[in-house]
Every structure is written in C-alpha cells, then in structure tokens.
Amino acid sequence: MPSSDPLFVSYAELRGGAAGVDAAFEELTDAATPEQPLTVVYTSGTTGEPKGVVLSHRNVIHESTMQEHLIPVPEHPRSVSYLPLAHIAERVLGIYMPICNAGHVTLCPDQAQLLPTLAAVRPHGFFGVPRVWEKLADGLSARLDTLAGDAAAAVESAREAALEVFRLRSAGEEVPADLLTRYDELDQAVLRPIRAAIGLDECHRAVSGAAPIPTSVLELLAGLGLVVHEVWGLSETTGAATVSTPEAFALGSVGRPAPGVEVSVASDGELLVRGPVVFPGYLVPDGGIEPATDAAGWLATGDIGVVDERGMVTITDRKKDLIITAGGKNIAPSGIESLLRAHPLVAHAVAIGDRRRYVTALLVLDEDGAPAWATARGLDTTDLAELALHPVVRAELDELVARVNAQLARVEQVKEHRVIAGPWTAESGELTPKLSLRRAVIHDTYAGLIDEMYR
C-alpha cells in the first residue's frame, strides 16, 4: 500500500511507476555530483574514539568499478552478505558493487550458517576476513585427513600440481604449458568437487583483507585450486587501495596499487595513499568535514609496509601496534601472531612486549577447532575451559610456540605464553565488528595474567 511518509516509497509503488517517483529519482540523480557525500562509515575505535569517515559518490563508484575491472566475474554475479554493514568491505561488496553490476545478494545474518549458505548460493565472489578463511581451511584439512587409498593419492597429486602453479605465479614466473595442462585436468577431476562441497567451485574472486592471513592458510587453499587474493585498505580509502589479481600477486603481499591509486612509503616506513578512493575527511560535530590529507593529497594510513621491485605492497604492521621492548627493539606483532594462529587449536594470538623485557603471548582456543582436535585425539573432554587446562593441549601449544620461535629472530621469540579458553567475540569486547583485535581492551582485561608472565 502507498506510504503516508513522503520520505519513503514502497516497493510496489516503485515497480508500478507511481506518479512522481521516476521524476523524483531523475531529479535526485541529476543533482548529485561526484564530490557530494554519499555515506558515513564509522571506524572501529581500536585506538581511540570511533570517527565518522565521510565517503563521496566518486569514492564509492571508483572503488566498485575498479574491482570489476581488475577481477571480472560473470554478469549479474551472486554473492553472500554476512559481515556487519559497519565494515567498509561489506558496504562495498554487499551494497555498492551489486548496485553497479546488478548483482544478486543473499543475506546470511548468522555467521554460523555461512557454510550452508555458501553451498546453496555458490557465489561468484567471496570476501573473507582471515579468521573466516582459516576456519574454511581447517574444515577442508580435516575432511582431507579422512581420505585414504586411491582417493588420497589422487588429491595429493592434484594438490602438488596446484601448489606448483601457485608458487610460480606468485613469483611472477611463467607456468610451463605441460604443467598448466596437467593442472587443469586434475583441477576439473579432483579439486573442483572439493571446492563444490563448500560452495566455492564457481568463485572467480576470492579475497582476504582487514588483517594479515597466515601464508600456510593461503597455500593450503591454493593447493585445492582456491587462490585467495589479498587486498589492503581502510575505511578512509573506501576499502581496497591495493589489490592482488590472478595476473599479479605474491604470497604475503597485498598486491599493487589499484587503478588511479598511488602508494608511497614515508621515511619512517608508514604507507601513504593518494587517489580517487581517498575520503574527503572526517565528520565533525557541526556537520562539517575535516580533511585528513596533507597539502599534496597524501593520506597517512597508520600502516607500516614496503614496496618491492614488482610494485607489490607488503604490510608489516600497524604503526600504533609496534612493540618497542625495554631494550629499544622494534617488533611487529602481527608476524608472530600469524604464525601462532596457523594451528587449528588457536583462534586468536596476541603478542605482548611493549616496554617489557621480552615478548609473551596469549593464545585463545578456537571454539570449533579445539573440540574437533580433542575428539580426533581421544581426549576426555571438548569443553573449552577444560581443554585450556588439559596437559595434552598445553603440551601441543608448547610445541607450537617452540616451532614458531625457531622461525623468529631471537628478540622476537615468545618467552612465556598463556592459554585462554575464550571465545573472543565483538560482543565480549575483545574483537571489533570486523574481527580485529581490540588490543587496549585485551591488555586491560588480562592485565593480571600478562603481569604474571613477567614476574
């Protein structure tokens, strides 16, 4: 029925071409200019009060169309929307891009239902924060462990070919024609059905962002023919500022600057961004906009990184997250945390050591992975609180820390660690809506446990 509020038009009126609706729509769109504000996205407030990031029509349209240009997907692509709309990635992927390319979006309000939703929708593109990809990788790995005989041998042969192709392309090298032919045959016969089981057999654009993802996870998925491309950006850059593509990617890199975007490295290693995706500024109380760029248009991102000879950008850490030990050594915690998180027992890892004598870590058990790991080994419980105290779990995580330390410089090595049952969620306060760590909250909540590791 027609709406009595002039600010709203019902779907039935819109479809029926209600009087004045078409004219009003044309009037509004004709009046819009590229620099006009389109929306406001609030930062997660991990390092202070949330800020209102004002995004313009130019920002959003450039971000949406450049993604389509870099990694094309079929016409009217299918996608799944499951992240909070407070997340810039979900705003772009779940609203703006589908508007630009007439896409079909399926809503998944409960992340616990993500796997069956993926299997039902079979999206052409899928974005996951690292924790989502880690869970998918753990599930696939557990499924592969149940294979035996000829089936296991066929999968292993196909994975070897897929991983060889992935590593050559990651290094920017040409893939031999015979290897490519062999891989294509094995992919169709062996690997595609595995991807179909999780609904990603038609996924042309598999993307990870918002935080570092363990390279072991990327390699496991690539070995199954699912190449996940990393991107990097902020709410202030309307999402992705750098993008990895099938033609240009490198393991551990977040890709090259997107079309029209420039990336520069400041003297202290901070990455600067300039281009049409950079926002006009922050919303201020009087409704105005306060610019955040310098006179030349460069935005200081707060991320530390490097750019290699291929133009690939690698993020090493957040500037405000860097650990400076009591001995004056600078340590990037994300590298340590990424290695620790690669184990199926671990959902989250937090490296600690700022102004301390050495590095310690908090390890949070995975609410799905830990019980599955315990069951597979015949432990007498799957309760997270009991597993956090279980000697077999403790011994396994002691070994994990020892293996990780062997890959780190001496100053980076974890001298003490504690196991936490968890789970950590946005609701419990340790994580942001996009599943990033709220380090200040974690340090306050676990202050006693942290101090214990330094006695």
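These notes cover the structure that comes with them. Bear in mind the structure is a predicted one, so any value in this text is a computation, not a measurement. (Residues numbered from 1 in each chain as written. Predicted model: local features only at pLDDT ≥ 70, side-chain atom pairs only at ≥ 80, totals over all residues. Heavy atoms only, no water.)

## A word on the sheet that holds strand β5 (residues 125-128)
Heads up, the condition is: In this analysis, strands are considered paired if DSSP registers two or more bridges between them. Think of it this way: any DSSP run of H or I at least four residues long counts as a helix, any run of E at least two long counts as a strand, and we number them from the N terminus. Two residues qualify as a contact provided that any one of their heavy atoms is within 4.5 Å of a heavy atom in the partner residue. Axes here mean lines fitted to C-alpha atoms, for a helix over just the part in contact, with angles spanning 0 to 180 degrees between N-to-C directions.
Pairing is mixed across the open sheet formed by 5 strands, whose spatial order is β5-β6-β7-β8-β9. Whereas interior strands pair on both sides, the edge strands pair on one side only; in this sheet they are β5 and β9 (256-257). Direction of pairing for β5 relative to strand β6 (residues 205-208): parallel, over a ladder of 4 bridges. Following the sheet pairing, Phe126 is matched in β6 by Ala206. Each of β6 and β8 (239-243) touches helix α3 (residues 57-70); the most contacted strand, β8, lies at about 35° to it.

## A short note on the environment of Pro84
The condition that has to hold: Relative accessibility under 20% of the residue-type maximum defines a buried residue, over 50% an exposed one, and the middle range a partly exposed one, all with a 1.4 Å probe and only protein chains included.
Looking at the element boundaries, Pro84 is found in the loop between β3 (78-81) and α4 (88-101). Here Pro84 falls in the partly exposed class, since its relative accessible area comes to 30%. Spatially, the C-alpha atoms of Pro84 and Ala12 are 28 Å apart, while their sequence positions differ by 72 residues. With residues near it in sequence (within four places) discarded, Pro84 still touches Glu90 and Pro433.

## Thoughts on the pairing of strand β11 (residues 270-274)
Buried residues dominate β11, accounting for 4 of its 5 residues. Note that strand β10 (residues 262-265) and β11 share 4 bridges and pair antiparallel. When the sheet's bridge partners are listed, Glu262 is paired in β11 with Arg274. Between β10 and β11, which follow one another and run antiparallel, lie 4 residues, and Gly269 among them has a positive phi close to 90°. As defined by bridge partners, β11 adjoins strand β14 (residues 299-307) across 3 bridges and the pair is classed as antiparallel. Residue pairing for β14: Leu272 is matched across the bridge by Ala300.

## As for the nonpolar core
Put simply, the rule is: We define a nonpolar core as any set of buried Ala, Val, Leu, Ile, Met, Phe, Trp, Tyr and Cys residues linked to one another through side-chain atoms lying within 4.5 Å.
Membership of the largest hydrophobic core comes to 71 residues, with the highest contact counts inside it found for Phe126, Trp133, Leu191, Leu200 and Leu221. When near neighbours in sequence (up to four residues on either side) are disregarded, Leu200 contacts Leu118, Pro123, Phe126, Trp133, Leu136, Arg195 and Leu226. Ile331, Trp373, Leu384 and Leu408 belong to the second largest nonpolar core, which has 28 residues in total.

## Regarding the sheet that holds β11
Reading across from one edge, β10-β11-β14-β15 is the order of the 4 strands in this open sheet, with antiparallel pairing throughout. For this open sheet the edge positions go to β10 and β15 (313-318), each flanked by a neighbour on one side alone. Averaged over all pairs of adjacent strands, the angle between their axes in this sheet comes to 50°, without regard to strand direction. Pairing between β14 and β15: 5 bridges, direction antiparallel. Bridge pairing in β15 links Val307 to Val313.

## Remarks on the side chain of Glu90
Just so we agree on the cut-off: His residues and chain termini do not enter the charge count, which takes Lys and Arg as positive and Asp and Glu as negative. Only one rule defines a salt bridge in this text: a Lys or Arg side-chain nitrogen within 4 Å of an Asp or Glu carboxyl oxygen. Polar contact criterion, stated in full: a pair of N or O atoms within 3.5 Å, where within protein one must be able to donate a hydrogen and the other to accept it, and residues adjacent in sequence count only if both atoms are side-chain atoms.
The topology assignment puts Glu90 in helix α4. For the buried Glu90, which has no salt bridge, the nearest side chain bearing the opposite charge is Arg91, at an N-O separation of 9.3 Å. A distance of 2.9 Å separates the side chain of Glu90 from the backbone nitrogen of Leu83, its partner in a polar contact. What Glu90 contacts, discounting residues up to four positions off in sequence, is Ser81, Tyr82, Leu83, Pro84, Leu85 and Ile95.

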